[in-house]
Each structure stands twice: as C-alpha cells, then as structure tokens.
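A closer look at the structure
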Amino acid sequence: MRLLPHPATEDIELTEVLRALSDPVRLEIVVRLALSGVMNCGEAGDHLGVHKSTASHHYRTLREAGVVMTKQEGRLKFMSLRRDDLESRFPGLLDSVLSAAGIPSTVLGPAADVPAPR
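The structure displayed is predicted, hence computed values, not measured ones.

1. Quick look at the sheet that holds strand S1 (residues 2-3)
The four strands lie next to each other as S1-S3-S4-S2, forming an open sheet whose pairing is antiparallel. Each edge of the open sheet is held by one strand with a lone partner, namely S1 and strand S2 (38-40). The pairing of S2 with strand S4 (residues 76-81) spans three bridges and is classified as antiparallel. Pairing of Val38 across the sheet is with Ser80, part of S4. Across the sheet, helix H2 (residues 24-36) lies against S2, strand S3 (68-73) and S4, angled at about 85° from S4, the strand it touches most.

Set out below in structure tokens:
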C-alpha cells in the first residue's frame, strides 16, 4: 500500500482546513467518511453529482489540506478522516463542522474509532 503525500500534523493550517470544508461537495465527502470510516474514492464519489475528474480535484484538496488520509492499494485509493490529527491541532473543529452538517455526535463516536484501510 502506497501513501500519497500529506502535510505533517504540525503543518496542517486552519485556513486550509476551513477552505477545504467550505465547499458543499467536499463537506459531503467528509460527512460520508465520518459515517463510514474508510471508503474508496469510487464509493465516496457515488451520487455527488460531479464528474469523476472534479471529484478527484475535491479529494486532492481535502488531502492537501490535511483533512483526509489517502492510501493507494493497486488501482484503488482509500480515504479516511484524519480525526486525531485535526483534533490535536484544532480541538473540536471537526465535530463542530459535522454537527453543523446535521450529524449527531452519538453517530460519530470517539475520534479514535476510525478503522484502518483494508
């Protein structure tokens, strides 16, 4: 499994995270990841209403901002939220964003419960 380039935890910037989360399509991807844990890019992009290349742009924006971790296995790419990293840099930010998006905290559970990619 190959890890794509990501910012180190200490290099994640609040302005970049907020910019990445400000787009409705990217916010929907983050909500889906929060509910599912790990998804391949095809699953995450289903029914977003955007072209495949546009979805790829959104995935890259989230990765470069430090919101998601993307690992490549063969031809598939698996994404998961960087909950622990975001929580250590900006306590409560991700939970606040997800709560504002209508996801109750009882559904999300603790930040450490995100499963590893297959």
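2. Concerning helix H6 (residues 93-100)
Looking only at H6, the buried set comprises Leu93, Leu94, Val97 and Leu98. One face of H6 carries all of its buried residues, which in axial projection span an arc of 125°. The first or second residue beyond H6 is Gly102, which carries a positive phi of 95°.

Reading the values: rules and limits
- Think of each chain on its own: its residues are numbered from 1, step by step along the sequence as written.
- This being a predicted model, a pLDDT of at least 70 is required before a residue's local features are given, and a value of 80 or more before pairs of side-chain atoms are given or counted; all residues contribute to the totals for chains, interfaces and linings.
- Hydrogens and water molecules were not included; the side-chain quantities draw on all heavy atoms of the structure.
- Only when DSSP finds a minimum of two bridges between them are two strands counted as paired.
- Each helix is a run of DSSP H or I of at least 4 residues and each strand a run of E of at least 2, with the numbering of both proceeding from the N terminus.
- Contacts are residue-level and defined by heavy atoms, with any inter-residue pair within 4.5 Å sufficient.
- Note on definitions: angles span 0 to 180 degrees between N-to-C directions of axes, and those axes are lines fitted to C-alpha atoms, for helices only across the stretch in contact.
- The buried label applies to any residue whose accessible area, calculated with a 1.4 Å probe on protein chains only, is under 20% of its type's maximum; exposed applies above 50%, and partly exposed to all values in between.
- Directions drawn from the helix axis to the C-beta atoms are what define this arc.

These figures come from the coordinates and say nothing about function on their own.
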